[in-house]
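Results of the structural survey
Single-letter residue listing:
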Amino acid sequence: MLIARTLPDLRAALTGDIGFVPTMGALHEGHLALIAAAKRAGGKVAASIFVNPKQFGPNEDFSRYPRTEASDLEKLAAAGCHVVWLPDVATMYPDDAATMITLEGPALRWEGAVRPGHFAGVATVVAKLFGQVRPTRAYFGEKDFQQVQVIRRMVADLLLPVEVIAIPTVRETDGLALSSRNRFLSAEDRAKAPALFAALQAAATSIRGGADITETLAKACHYLMNSGLVPDYFSLVDAGSLEPLQAFTHPARILAAAKLGPVRLLDNIAV
Ligand code: PAF
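Residues numbered from 1 in each chain as written. Predicted model: local features only at pLDDT ≥ 70, side-chain atom pairs only at ≥ 80, totals over all residues. Heavy atoms only, no water.

Regarding the sheet that holds strand S6 (residues 163–167)
Defined as follows: For two strands to be treated as a pair, DSSP must find at least two bridges joining them. Helix and strand labels come from DSSP, where a helix needs a run of H or I of at least four residues and a strand needs a run of E of at least two; each type is numbered from the N terminus. To define axes, lines are fitted to C-alpha atoms, for helices over the stretch in contact only, and angles between the resulting N-to-C directions are given on a 0 to 180 degree scale. Contacts are assigned to residue pairs that have any heavy atoms within 4.5 Å of one another.
The strand order across the open sheet formed by six strands is S1-S4-S3-S2-S5-S6, and the pairing between neighbours is parallel. Edge positions in the sheet fall to strand S1 (2–4) and S6, since each of these pairs with one other strand and no more. Strand after strand, the sheet turns through a mean of 25° between neighbouring axes, direction not considered. One ladder, built from two bridges, connects strand S2 (residues 18–23) with strand S5 (residues 137–141); its direction is parallel. Within S5, the residue paired with Phe20 across the bridge is Ala138. Where helix H6 (residues 118–133) meets the sheet, it contacts S2, strand S3 (44–49), strand S4 (83–85) and S5, and its direction lies at approximately 145° from that of S2.

Notes on helix H2 (residues 29–40)
Heads up, the condition is: A helix's residues, less one, multiplied by 1.5 Å, set its expected span. In this scheme, a residue with accessible area under 20% of its type's maximum is buried, one over 50% is exposed, and one in between is partly exposed, where area comes from a 1.4 Å probe on protein chains only.
For H2, built from 12 residues, the straight-helix expectation of 16 Å at 1.5 Å per residue is met to within 8% by its first-to-last C-alpha distance of 16 Å. Within the sequence span of H2, burial applies to Gly30, His31, Leu32, Leu34, Ile35, Ala37 and Ala38. Downstream of H2 by a residue or two, Gly42 has a phi angle that is positive, lying close to 85°.

Some remarks on the site of the ligand
Applicable threshold: Summary of the distance rule: residues count as near a molecule or strand when at least one heavy atom falls within 4 Å of that molecule or strand. Two N or O atoms form a polar contact when they lie within 3.5 Å of each other; inside protein one atom must be a possible hydrogen donor and the other a possible acceptor, and for residues adjacent in sequence the pair counts only when both atoms belong to side chains. Per-residue and other accessible areas were derived by the Shrake-Rupley procedure at a 1.4 Å probe size, with only the shown protein chains allowed to occlude residues. Under the scheme applied, nonpolar residues are Ala, Val, Leu, Ile, Met, Phe, Trp, Tyr, Cys and Pro; charged residues are Asp, Glu, Lys and Arg; polar residues are all the others, including Gly.
Neighbouring residues of the ligand: Pro22, Thr23, Met24, Asn52, Gln55, Val125, Val126, Phe140 and Gln147. Gln55 is positioned such that a nitrogen or oxygen atom in its side chain is 2.6 Å from an oxygen atom of the ligand. Between Gln147 and the ligand, the recorded distance is 2.7 Å, taken from a side-chain N or O atom to an oxygen atom. Compared with its free state, where it exposes 290 Å², the ligand has 89% of that area covered by protein. Secondary-structure elements contributing two or more residues to the shell around the ligand are S2 and H6. Each residue belonging to the shell around the ligand can be placed in one class, and the counts come to five nonpolar, four polar and no charged.

Things to note about the confidence of the model for the protein chain
The following threshold applies: As a per-residue quantity, pLDDT reports the predictor's confidence and falls between 0 and 100.
For the protein chain, the mean per-residue pLDDT works out to 97, and 100% of the residues sit at or above 70. Per-element confidence in the protein chain ranges from a low mean pLDDT of 96 for helix H1 (residues 7–13) to a high of 99 for S5.

What to know about the packing of aromatic side chains
The geometry of an aromatic ring pair is captured by two quantities: the separation of the ring centres and the angle between the planes. Quick note on the threshold: Only the six-membered ring of Trp is used, alongside the rings of Phe and Tyr, when aromatic pairs are assigned; centres must lie within 6.5 Å, and planes under 30 degrees apart are stacked while those over 60 apart are edge-to-face, with the rest tilted.
In the structure shown here, the tally under the stated rule is five aromatic pairs. Plain terms: the ring middles of Phe56 and Phe62 are 5.3 Å apart, the flat faces sit at 65° to each other, and that makes the pair edge-to-face. On the basis of relative accessibility, which here comes to 30%, the residue Phe62 falls in the partly exposed class. One aromatic cluster is present, built from ring pairs that chain together Phe56, Phe62 and Tyr65.

Remarks on the packing of helix H9 (residues 195–208) against helix H10 (residues 213–226)
Condition: In this scheme, roughly parallel covers angles under 35 degrees and roughly antiparallel covers those over 145, while 65 to 115 is roughly perpendicular and the rest are oblique. Take the far helix as your reference; a near helix turned counterclockwise from it by less than a right angle gives a left-handed crossing, and one turned clockwise gives a right-handed crossing.
Orientation of H9 relative to H10, taken along the N-to-C sense of each, is 160°, at an axis distance of 10 Å. Classed by the angle they form, the pair H9 and H10 counts as roughly antiparallel. Where H9 crosses over H10, the handedness of that crossing is right-handed. Of the residues in H10, those touching H9 at Ala195, Leu196, Ala198, Ala199, Ala203, Ser206 and Ile207 are Ile213, Thr216, Leu217, Ala220, Tyr223 and Leu224. Among the residues making up the contact of H9 with H10, the classes are represented as 11 nonpolar, two polar and no charged.

Some details on the side chain of His28
Locating His28 in the fold gives a position in the loop between S2 and H2. Given the relative accessible area of 18%, His28 is considered buried. At 2.9 Å, the side chain of His28 and the backbone nitrogen of Gly30 are in polar contact. Filtering out sequence-adjacent residues up to four positions away, His28 remains in contact with Leu178, Ser179 and Ser180.

Structure below.
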């Protein structure tokens, strides 16, 4: 596996058909499922590790975001990744940089409302990474469903020559979606965490069965609060635009975020 820390090294290593997995490191089985999907498609597999300061708000966890480069590199090598791109902040955001992507549509609500500027930071860094790596295909986890829709929209609007591929969420056996931040859950909170996916499954089943949407979503929020989680949102949305749905139309998704101790859990389910 080739480790590139400068753009000339990256360019020398990458030509032809490339499947790309952008990450912020602290890799888990969810990331490795993206690498596996990229490998199945053939061509070279590239991953990046860059903890992107522009997608963290001033009071968020940028400084304590887990950084585990040595073990990440071992995992990527074992997974058969060909090239890892490890840019530094000066390469991604030179002092004279003057361009950020602004977003509307699927970026406005949910995480976009709770974390102002987050998706502008994500879209800007992903566009830069696409420009550096020049992938044919890029792989993202459905756990961050809104992020996937924001990136799809950006790729379509900016006519970027890359196919965005979403890969299903990888879960613990009790349903908790894998996340690099799960390590910050105390044992007590970890025991409560599966309530989020349980609530999503129950709500999706009820809505599919014709239950009232407002009542179902309210019931799910009560269940979360009774389980010790504090919901930020739990909403039925159009799966493309992410606009809230009052009536069930296909394809729909329930998006959910809830606070649990120092962690915000994010998850979603198709309806
Ligand atoms: O999902 C992530 O890990 C990040 O948001 C991404 C896509 C690597 C951009 O920094």
